[in-house]
Amino acid sequence: MSEKKKIQEAIDDLTLALLYLTRFQDREGSQFNEIAWKGYDFDALERLDAAELIMDLKNRRGGSYKYAYMTEKGRNKAREILGELNIEDQELYERFEFRTIKPEEADEAADIEQACFPANEACTRENMKDRIQAAADLFLVAMDRKTGKMAGFLNGIATNENSFRDEFFTDAATHDPQGRNIMLLGLDVLPEYREQGLAKELVYCYCRREQERSRNRLVLTCHEEKVAMYNKFGFRDLGQSVSQWGGVSWHEMEIML
Ligand SMILES: CC(C)(COP(=O)(O)OP(=O)(O)OC[C@H]1O[C@@H](n2cnc3c(N)ncnc32)[C@H](O)[C@@H]1OP(=O)(O)O)[C@@H](O)C(=O)NCCC(=O)NCCS
């Protein structure tokens, strides 16, 4: 590689690392999005945009904003660069790997589901296997890097339907890979990993990933006592759902991507 090319790569890597380290949550728009001010070399920013490491959105008049969004690809690359520089990353990402699920992890996910939900609400082992077979890419798992154990996960299926129905829980054939909406089927964090921000990161990471896949909205059902938690994550309460899952009543909530 020529000396000039090497320097250009170093500029791009360091710019991306700085964007990552100075990123913050976009509270006015969608709060799961992370943005960073673009006060860096324009050519480097253009190259990062072309490589889909950042999203340099244009405004309605074709002009640029003063900030750019980080993409999931950009976040991962930035963490790699920082690792090489021995710079500590956000604690959660150091402790956990966030990724889709593997078919051989179905039993582990089913065990977590049993630990997190009462029997009338939990997804059965069989349904979990079907769901993973049909829609593994709609799982997001957090793997403890130290133990290799699954600490928690969020999963859903895609559909063009707009509201929740109980068959989404039991019939993996309701999954339509091209669906614009995601029906969330479970947010699970094992007790020993709770109250450390893991559920919030799973939800935000999921929102960003599905936004990049051009989905419209995420829909979920939850009990009254969880409405405040999902409100904090940016979800809107739509009132009582038609879902009677587990023989109880549910709130339906949504977030636009
Ligand atoms: C609910 C659950 C996913 C939360 O996981 P967690 O990793 O402990 O949550 P986080 O640490 O990310 O908490 C994020 C925020 O939600 C709030 N929160 C967490 N659990 C809550 C609960 N049970 N009720 C109300 N608010 C809650 C936290 O206080 C925190 O708020 P903060 O950001 O202002 O501090 C976890 O307790 C769990 O798996 N429970 C059993 C399964 C379940 O109920 N899932 C949700 C089904 S709809």
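The model shown is predicted, which means the values in this text are computed figures rather than measured ones.

**Some thoughts on the overall build of the protein chain**
Thought 1: Counting its regular elements, the protein chain contains nine helices and 11 strands.
Thought 2: Radius of gyration (C-alpha) of the protein chain: 20 Å, near the 18 Å computed for a compact globule of 257 residues.
Thought 3: With respect to the three principal axes, the spread of C-alpha positions in the protein chain is 65 × 45 × 30 Å.
Thought 4: Here the protein chain, with 257 residues, has 47% of them falling under the buried criterion.
Thought 5: Expressed as a percentage of contacts within the protein chain between residues at least 6 apart in sequence, the contacts between residues at least 24 apart total 63%.

**Observations regarding the packing of helix α5 (residues 106-116) against helix α6 (residues 125-135)**
Thought 1: Running from N to C, α5 and α6 cross one another at 130 degrees; their axes reach a closest spacing of 9 Å. If you check the angle between α5 and α6, you find them oblique. Between α5 and α6 the crossing geometry is right-handed. Residue-level contacts link A106, D107, A109, A110, D111 and E113 of α5 to R125, M128, K129 and I132 of α6.
Thought 2: Here the residues of the contact of α5 with α6 sort into five nonpolar, no polar and five charged.

**Concerning the packing of helix α1 (residues 3-21) against helix α3 (residues 72-84)**
Between two packed helices, what matters for the description is the angle formed by their axes and the separation of those axes.
Thought 1: Put simply, α1 and α3 touch, their axes get as near as 9 Å, and they point 105 degrees apart. When the interaxial angle is binned, α1 and α3 end up roughly perpendicular. Residues D13, L16, A17, Y20 and L21 of α1 form the contact with α3, whose own contacting residues are G74, R75, K77, A78, R79, I81 and L82.
Thought 2: For the contact of α1 with α3, the class distribution of residues is seven nonpolar, one polar and four charged.

**Some thoughts on a nonpolar patch on the surface**
Thought 1: A cluster of nonpolar residues, L14, L21, L85 and I87, forms a patch on the protein surface that exposes about 340 Å² of accessible area.
Thought 2: For L21, a relative accessible area of 45% gives the class partly exposed.

**With respect to the domain arrangement of the protein chain**
Thought 1: Along its sequence, the protein chain is organised into domain 1 (3-89) and domain 2 (95-256).
Thought 2: A separation of 29 Å is found between the C-alpha centroids of domain 1 and domain 2.
Thought 3: The interface is formed by 10 residues belonging to domain 1 together with 12 residues belonging to domain 2.
Thought 4: Along the contact surface separating domain 1 from domain 2 lie two salt bridges.
Thought 5: Between R208 and E72 there is a salt bridge, with its nearest N and O atoms 3.3 Å apart.
Thought 6: Where domain 1 meets domain 2, there are seven residue pairs in polar contact (both at pLDDT 80 or more).

**Notes on the packing of aromatic side chains**
Thought 1: Scanning the entire structure with this criterion turns up 13 aromatic pairs.
Thought 2: A centroid spacing of 6.2 Å and a plane angle of 85 degrees characterise the contact between Y67 and Y69, whose relative ring orientation is edge-to-face.
Thought 3: Y69 sits in the buried class, given a relative accessible area of 13%.
Thought 4: An aromatic cluster is defined as three or more aromatic residues linked by ring pairs; in this entry it consists of F24, W37, Y65, Y67 and Y69.
Thought 5: Over the face of the ring belonging to Y93 we find R79, whose NZ or CZ atom lies 3.7 Å from the ring centre.
Thought 6: The cationic tip of R209 hangs over the ring face of Y206; the distance from NZ or CZ to the ring centre is 4.9 Å.

**Overview of the pairing of strand β6 (residues 139-144)**
Thought 1: Where burial is concerned, most of β6 is hidden: six out of the six residues are buried.
Thought 2: The alternating pattern of β6 places F139, V141 and M143 on one face and L140, A142 and D144 on the opposite face, and all of these are buried.
Thought 3: When strand β5 (residues 96-99) meets β6, the two strands line up antiparallel, connected through four bridges. What sits directly across from F96, in β6, is D144.
Thought 4: With five bridges joining them, β6 and strand β7 (residues 150-159) adopt antiparallel strand pairing. Along β7, the bridge assignment pairs F139 with N155.
Thought 5: Hairpin geometry of β6 and β7 is characterised by an intervening segment of five residues between the two adjacent antiparallel strands and by a positive phi of about 75 degrees at G148.

Parameters and conventions
Residues numbered from 1 in each chain as written. Predicted model: local features only at pLDDT ≥ 70, side-chain atom pairs only at ≥ 80, totals over all residues. Heavy atoms only, no water. Helix = DSSP H or I, 4+ residues; strand = E, 2+ residues; numbered from the N terminus. Rg over C-alpha atoms; globule rule 2.2 N^0.38 Å. Buried < 20%, exposed > 50% of the residue type's maximum accessible area, 1.4 Å probe, protein only. Contact = heavy atoms within 4.5 Å. Axes fitted to C-alpha atoms, helices over the stretch in contact; angles between N-to-C directions. Parallel < 35°, antiparallel > 145°, perpendicular 65-115°, else oblique. Left-handed = near helix turned anticlockwise from the far one by under 90°. Nonpolar A, V, L, I, M, F, W, Y, C, P; charged D, E, K, R; others polar. Patch = residues over 30% accessible without salt bridge, like charges linked within 9 Å, V, L, I, M, F, W, Y side chains within 5 Å. Areas by Shrake-Rupley, 256 points an atom, 1.4 Å probe, with all protein chains shown as cover. Salt bridge = Lys/Arg side-chain N within 4 Å of Asp/Glu carboxyl O. Domains from an automatic or database assignment. Polar contact = N/O pair within 3.5 Å; in protein donor to acceptor, adjacent residues only side chain to side chain. Phe/Tyr/Trp six-rings, centres within 6.5 Å; stacked < 30°, edge-to-face > 60°. Lys NZ or Arg CZ within 6 Å of the ring centre and 35° of its normal. Pairing = 2+ DSSP bridges.

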